[in-house]
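# Chain and residue survey
For reference, the chains in residue letters:
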Amino acid sequence: MQDAPSSPLVVGIDVGGTKTQLRALTGADPVADHVRPSTGWRPHDPAAAAHWLTALVHEALPAGTRPTALAVGGHACETPRQCAGIAAALRESLDVPVLVVGDAELLVPAAGLDKGVGLVAGTGSVAVGRQADGSPVQVGGWGAVLGDEGGAAGLVREAARSVWAAHDRGEIPDALATGLTAAFEVPEVPALGAALESASSVSSEWGRHAPVLFAAADAGSRLAEDVIADGGRALAALVARLADRGLAVDDVVVAGGTILSQPRLYDAFAAALADAVPGARPQRLRVPPVEGAVALARSIL
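Here is what the cut-offs are and how they apply
- Residues numbered from 1 in each chain as written.
- Predicted model: local features only at pLDDT ≥ 70, side-chain atom pairs only at ≥ 80, totals over all residues.
- Heavy atoms only, no water.
- Pairing = 2+ DSSP bridges.
- Helix = DSSP H or I, 4+ residues; strand = E, 2+ residues; numbered from the N terminus.
- Axes fitted to C-alpha atoms, helices over the stretch in contact; angles between N-to-C directions.
- Contact = heavy atoms within 4.5 Å.
- Expected span 1.5 Å × (residues − 1).
- Buried < 20%, exposed > 50% of the residue type's maximum accessible area, 1.4 Å probe, protein only.
- Arc of directions from axis to C-beta.
- Polar contact = N/O pair within 3.5 Å; in protein donor to acceptor, adjacent residues only side chain to side chain.
- Salt bridge = Lys/Arg side-chain N within 4 Å of Asp/Glu carboxyl O.
- Patch = residues over 30% accessible without salt bridge, like charges linked within 9 Å, V, L, I, M, F, W, Y side chains within 5 Å.
- Areas by Shrake-Rupley, 256 points an atom, 1.4 Å probe, with all protein chains shown as cover.
- Phe/Tyr/Trp six-rings, centres within 6.5 Å; stacked < 30°, edge-to-face > 60°.
- Lys NZ or Arg CZ within 6 Å of the ring centre and 35° of its normal.

Attention shifts here to the sheet that holds strand E8 (residues 136–140). Spatial ordering of the open sheet is given by E8-E7-E6-E9-E10, a layout of five strands whose pairing is mixed. With partners counted over all chains shown, the strands left at the sheet margins are E8 and strand E10 (281–284), one partner each. On average, each strand axis in the sheet is tilted by 20° relative to the strand beside it, whichever way the strands run. One ladder, built from four bridges, connects strand E6 (residues 117–121) with strand E9 (residues 251–255); its direction is parallel. Following the sheet pairing, Val 117 is matched in E9 by Val 252. On the sheet, helix H9 (residues 222–244) packs against E6, strand E7 (125–130), E8 and E9 and is oriented at approximately 20° with respect to E7. Together, E6, E9 and E10 form the strand contacts of helix H11 (residues 263–276), whose direction differs from that of E10 by roughly 160°.

Here's what the structure looks like:
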């Protein structure tokens, strides 16, 4: 490979649950901006993850160039030990300074902040922050079966529970019930259980039906409104959990396709956050999360 350019070549990678974005710059000059599916990403196998990332770097960068520093925000990179394992394998592969964090940790630096909370509510939900000594803390993110309240899949799970309870009370199916039965292609509310349990990929297959919940709320479903409000409170509770552990939560950077595309959920979260953590300032992330990876790469030069 050729010698490094006079200006450092920094590379940031955001590995999301669905798509991956790599952005490379020398100074302020763009070198590469590459988007591809996240198919094949295996974060629980450090060697496989490092091999996948190395191939991505070679695929995206111009021939003969190499990064000066690389930072990665990885979906489902859930613990410091797991991230460190990927970083070590990737450092050995590329022989450059490397930092690997969970993808939610990209939000705060992407927003241009030094500290705060990153909150993601997409298919799933998670909140992350850092202790005073720099140690990362993650809350939530337990998957749709056990958690992910406020994420798309968790909202669909709770919507199903809500319409089942209404059915047991003898209530006439409302817009949420009829919407869910149509979405899952079942004839009646009691059949929803088998439909949800038959999903081969719970998070994605449940989560894709989340728009039904918001459409039902727009149509006047009280059940849907209550599920959304509960989802907002659950997301605010993640931030409160970090505050209870002594982390700085003054700024909360919010990202994720579900909460950013559904004003009802964002408003429910913001209202609940004001009650749960007075003084916390929520803000929508208005740039791609990969910007946070680029900032982290610069920080390790």
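Structure shown, so let's carry the discussion forward.
This brings us to H11. Compared with an ideal rise of 1.5 Å per residue, which puts 14 residues at 20 Å, H11 spans 20 Å between its outermost C-alpha atoms and is within 8% of the ideal. Turning to H11, its buried residues number three or more, namely Leu 265, Tyr 266, Ala 268, Phe 269, Ala 272 and Leu 273. All buried residues of H11 fall inside an arc of 160° around its axis, so they share one side. Of the residues in H11, the exposed ones pointing more than 90 degrees away from the buried face are Pro 263 and Asp 275.

Right, let's talk about H9 for a bit. In a regular helix each residue adds 1.5 Å, so 23 residues correspond to 33 Å; H9 covers 32 Å between its end C-alpha atoms and thus fits that length. All of the buried residues in H9 are Leu 223, Ala 224, Val 227, Ile 228, Gly 231, Gly 232, Leu 235, Ala 236, Leu 238, Val 239, Ala 240 and Leu 242. For H9, the N-terminal capping position is held by Ser 221, with its side-chain oxygen 3.4 Å away from the main-chain nitrogen of Leu 223. One or two residues past the end of H9 sits Gly 246, with phi positive at roughly 90°.

This part covers the pattern of salt bridges. Should the charged atoms of two oppositely charged side chains come close, the side chains can pair. Within this structure, the stated rule accounts for 12 salt bridges. The partner of Arg 36 in a salt bridge is Glu 59, with the nearest N and O atoms 3.9 Å apart. In this pair, Arg 36 is assigned in strand E3 (residues 29–37) and Glu 59 in helix H1 (residues 46–60), connecting sequence segments 23 residues apart. Judged by its relative accessible area of 22%, Arg 36 falls in the partly exposed class. The closest approach of N and O atoms between Asp 230 and Arg 233, which form a salt bridge, is 2.3 Å. Within this pair, Asp 230 and its partner Arg 233 are both found in helix H9, separated by three residues, close to a single helical turn. Using a relative accessible area of 44% as the deciding quantity, one classes Asp 230 as partly exposed. Here the salt bridges share partners, and the residues they tie into one network are Arg 23, Asp 33 and Glu 291.

Here we take up the side chain of Arg 23. Inspection of the secondary structure puts Arg 23 in strand E2 (residues 19–26). Take Arg 23: its relative accessible area is 15%, and that puts it in the buried class. Reaching out from Arg 23, the side chain makes a polar contact with the side chain of Asp 33 at a distance of 2.8 Å. Ignoring sequence-local partners within four residues, the contact set of Arg 23 consists of Val 10, Val 11, Gly 12, Ala 32, Asp 33, Pro 288, Val 290, Glu 291 and Val 294.

All right, on to a nonpolar patch on the surface then. Together, Trp 142, Val 145 and Leu 146 make up an exposed nonpolar region whose accessible area comes to about 430 Å². What makes Val 145 exposed here is its relative accessible area of 60%.

What follows is about the side chain of Thr 181. Following the sequence through the fold, Thr 181 ends up in helix H5 (residues 175–183). Engagement of the side chain of Thr 181 in a polar contact is seen with the backbone oxygen of Thr 178, the distance being 3.0 Å. Non-local contacts of Thr 181, meaning those with residues more than four positions away in its chain, are made with Val 186, Glu 188, Val 189 and Leu 192.

To continue, consider the packing of aromatic side chains. Taken as a whole and judged by the stated rule, the model has two aromatic pairs. Relative to Phe 269, the ring of Tyr 266 has its centre 6.3 Å away and its plane inclined at 70°; by these criteria the two rings are edge-to-face. Separated by three residues within a single helix, Tyr 266 and Phe 269 lie in helix H11, roughly one turn from each other. Judged by its relative accessible area of 0%, Phe 269 falls in the buried class. Arg 284 extends its terminal NZ or CZ atom over the ring of Tyr 266, reaching a point 3.7 Å from the ring centre.

Of note, the phi angle at Asp 95 is positive, near 55°, even though the residue is not glycine. Since its relative accessible area comes to 60%, Asp 95 is described here as exposed. At Glu 185, a position not held by glycine, the phi torsion is positive, near 55°. Along the chain, the position of Glu 185 falls in the loop between H5 and helix H6 (192–197).

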